[in-house]
Amino acid sequence: MRILLTNDDGIHAQGLWALHAALAPGHEVTVVAPDRERTGVGHAITLHQPLRAASLAVNGAEGYAVNGTPADCVKLAVLEILDGRPDLVVSGLNPGANVGVNINYSGTVAAAREAALGGIPAIAASIEGHAPRDFAPPASFVRRLADRIAAHGLLPGTFLNVNFPDVPWKEVRGVRVSRQGLSVFKEYMEKRLDPRNRPYYWQGADMQRFREDDPEIDGSVLRGRCVSITPIRCDMTDYDGLGRLKEWNLELNGSEGGT
Ligand code: MN
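For every chain, the first residue of its written sequence is number 1, and the numbers climb from 1 along that sequence. Side-chain atom pairs in this predicted model are given and counted only at pLDDT of 80 or more, local residue features only at pLDDT of at least 70, and totals for whole chains, interfaces and linings cover all residues. Heavy atoms from the whole structure form the basis of all side-chain values; hydrogens and water molecules are not counted.

*Asks:* Teacher, can you tell me more about the overall build of the protein here?
*Replies:* Labels follow the DSSP assignment, with helices taken as runs of H or I lasting at least four residues and strands as runs of E lasting at least two, numbered in each case from the N terminus. Per the secondary structure count, the protein includes seven helices and eleven strands. For 259 residues, the compact-globule estimate of 2.2 N^0.38 gives 18 Å, and the C-alpha radius of gyration of the protein, at 20 Å, lies within 12% of that figure. Taking the principal axes of its C-alpha atoms as reference, the protein extends roughly 65 × 50 × 45 Å. In this scheme, a residue with accessible area under 20% of its type's maximum is buried, one over 50% is exposed, and one in between is partly exposed, where area comes from a 1.4 Å probe on protein chains only. Counting all 259 residues of the protein, 47% fall into the buried class. Contact between two residues is taken to exist if any of their heavy atoms lie within 4.5 Å; hydrogens are not considered. When contacts within the protein are restricted to residue pairs at least 6 apart in sequence, those whose partners lie at least 24 apart make up 74%. Surface summary for the protein: the accessible area is close to 14,600 Å², and the carbon and sulfur share equals 51%. Looking at the protein, you have 27 positive and 31 negative side-chain charges, and the mean spots of the two groups are 5 Å apart. Radius of gyration: C-alpha atoms only; globule rule: 2.2 Å multiplied by the number of residues to the exponent 0.38. Residue burial considers only the protein chains on display, and all accessible areas are found by Shrake-Rupley using a 1.4 Å probe. Charge convention: Lys and Arg are scored as positive, Asp and Glu as negative, and His as well as the terminal groups of each chain are ignored. One atom stands in for each charge, and that atom is NZ of Lys, CZ of Arg, CG of Asp or CD of Glu.

*Asks:* What should I look at first to understand a nonpolar patch on the surface in this one?
*Replies:* Judged by side-chain polarity, Leu 245, Trp 248 and Leu 250 come together as a nonpolar surface patch covering roughly 390 Å² of accessible area. With respect to the helices, strands and loops of the structure, Trp 248 is situated in the segment after helix H7 (239–246). The exposed category is assigned to Trp 248, whose relative accessible area is 61%. Exposure above 30% relative accessible area and the absence of a salt bridge qualify a residue for a patch, where like charges join within 9 Å and nonpolar side chains (Val, Leu, Ile, Met, Phe, Trp, Tyr) within 5 Å. In what follows, salt bridge is the name for a side-chain nitrogen of Lys or Arg lying within 4 Å of a carboxyl oxygen of Asp or Glu.

*Asks:* Please clarify how the coordination of the manganese ion should be interpreted in this entry.
*Replies:* Each pair of donors in an ideal four-coordinate tetrahedral metal site encloses 109.5 degrees, whereas pairs in an ideal six-coordinate octahedral site enclose 90 or 180 degrees. Distances from the manganese ion to its protein donors, namely Asp 8 (OD), Asp 9 (OD), Thr 39 (OG1) and Asn 94 (OD1), fall within the range 2.0 to 2.4 Å. Ordering the donors of the manganese ion by residue number gives the pattern D-D-x29-T-x54-N. Here the residue Asp 8 occupies a position in the loop between strand E1 (2–6) and helix H1 (14–23), and Thr 39 occupies one in the loop between strand E2 (28–34) and strand E3 (53–58), the gap between them amounting to 31 residues. The exposure class assigned to Asp 8 is buried, which follows from its relative accessible area of 2%. Only N, O and S atoms count as donors, using a 2.8 Å cut-off from the metal and 3.2 Å for Na, K and Ca, and because water is excluded some sites may appear unfinished.

*Asks:* Looking at this structure, I do not really get the pattern of salt bridges. What am I missing?
*Replies:* If the charged atoms of two oppositely charged side chains come close together, the side chains can form a pair. If you walk through the whole model with that rule in mind, you get nine salt bridges. Two residues, Arg 36 and Asp 35, come together in a salt bridge whose shortest N-O distance is 2.8 Å. Judged by relative accessible area, which is 44%, Arg 36 ranks as partly exposed. Note on Asp 35: relative accessible area 32%, which makes it partly exposed. For Arg 133, the salt bridge is made with Asp 166, and the minimal N-O distance between the two is 3.3 Å. On the criterion of sequence distance, the pair formed by Arg 133 in the loop between strand E6 (122–127) and helix H5 (136–152) and Asp 166 in the loop between strand E7 (158–164) and strand E8 (174–177) is long-range, its members being 33 residues apart. For Arg 133, a relative accessible area of 54% corresponds to the exposed category.

*Asks:* For this particular structure, what's the right way to read the environment of Ala 124?
*Replies:* For Ala 124, the location among the structural elements is in strand E6. Under the relative-accessibility criterion, Ala 124 is labelled buried at 0%. Remark: the alpha-carbon pair of Ala 124 and Arg 233, spanning 109 residues in sequence, is separated by 13 Å. Setting aside anything within four residues of it in sequence, one finds Ala 124 in contact with Ser 91, Thr 108, Val 109, Ala 112, Leu 160, Asn 161 and Val 162.

*Asks:* Looking at this structure, I do not really get the sheet that holds E3. What am I missing?
*Replies:* Backbone-to-backbone hydrogen bonds pair the strands of a sheet. The strands run either parallel or antiparallel. Only strands that DSSP links by at least two bridges are regarded as paired with each other. The strand order across the open sheet built from nine strands is E3-E4-E2-E1-E5-E6-E7-E11-E8, with neighbouring strands paired in mixed fashion. Strand pairing shows two members of the sheet lacking a second neighbour, E3 and E8, which therefore form its edges. Mean inter-strand twist for the sheet, computed between neighbouring axes without regard to direction, equals 25°. Pairing analysis gives five bridges linking E6 to E7, with the strands arranged parallel. Each residue of the ladder has a partner; that of Ala 125, found in E7, is Val 162. As a rule, the C-alpha atoms of each element are fitted with a line to give its axis, helices using only the stretch in contact, and angles between N-to-C directions run from 0 to 180 degrees.

*Asks:* Hey, could you run me through the packing of H1 against H5 in this one?
*Replies:* Pairs of packed helices are described in terms of their axes, by the angle between the two and the distance that separates them. Between H1 and H5, whose axes approach to 8 Å, the crossing angle comes to 50°. Classed by the angle they form, the pair H1 and H5 counts as oblique. In the crossing of H1 with H5, the sense of the turn from one axis to the other is right-handed. Contact residues: H1 offers Ala 18, Leu 19, Ala 22 and Leu 23, while H5 offers Ala 139, Ser 140, Val 142, Arg 143 and Ala 146. Any angle from 65 to 115 degrees is called roughly perpendicular, while one under 35 is roughly parallel, one over 145 is roughly antiparallel, and all others are oblique. Handedness of a crossing follows from how the near helix is turned relative to the far one, being left-handed for an anticlockwise turn of less than a right angle and right-handed for a clockwise one.

*Asks:* What is the right way to read helix H4 (residues 107–117) from this model?
*Replies:* Each full turn of the α-helix corresponds to 3.6 residues, which orients residues three or four apart in the same direction. Within H4, ten of the eleven residues are buried, leaving the element largely enclosed by the surrounding structure. Among all positions of H4, only Gly 107, Thr 108, Val 109, Ala 110, Ala 111, Ala 112, Arg 113, Glu 114, Ala 115 and Ala 116 are buried. At its buried positions, H4 is contacted by E1, helix H2 (70–81), strand E5 (88–95), helix H3 (102–105), E6 and E7. Any pair of nitrogen or oxygen atoms within 3.5 Å is treated as a polar contact; in protein, a donor-acceptor pairing is required on top of that, and neighbouring residues in sequence qualify only through side-chain atoms on both sides. The residue sitting at the N-terminus of H4 and contributing the capping side-chain oxygen is Ser 106; that oxygen lies 3.1 Å from the backbone nitrogen of Thr 108. Gly 119, located one to two residues past H4, shows a positive phi value of around 80°.

None of this, on its own, says anything about what the molecule does.
Spelled out as structure tokens, the structure:
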């Protein structure tokens, strides 16, 4: 397969090169990743400054460091850097679980979504915790997942969001297909004062206080020490809400003004 590998942690991140080591044998892997950490930028794209891709060698492999976001990297790779469309886009391995509401903020997930929007199968892969103990076994699992995608395909406009628990690999209990959870973490703004007595804020969230009872959601699967795989679709339409909204019978009635 021709695989585009990217992330939101920057081209030097350990998780990206663990994936490269797992995917490169037998596949044609091209790395196009942000030139610095872009965690939490979501699906942002760069419109007000030029994009540049610097070719560089990392760990004996070639890569392109882009001064843009993860979504920029996928666009630039597909439209310019690669010789044609890749068969698969893999984004990760991101330290920090991308479950529940995090999916909305994640640059890792956005890179996979960007691929899926263009009809390219994609995987976003993350590990719980900020300093995961071992990237190699999860990377190896992602390679097997990539092989399954090659065999079964994915529906257009969808991608897989996979999360690994941060426990020794031997303690991982299994693999569960899950749904995205929606519970919001306990969020806070930590207010401090600068030397001129002006307030500034650090925002954060207490992940430990996040609980949802449903065993099928992504966060619960991780707490159960299993690998979580959620199929995600790009279409954000609320199909249940379509009928209800039509019943509002919204029409123009001449009160809007205009000519
Ligand atoms: Mn990240």
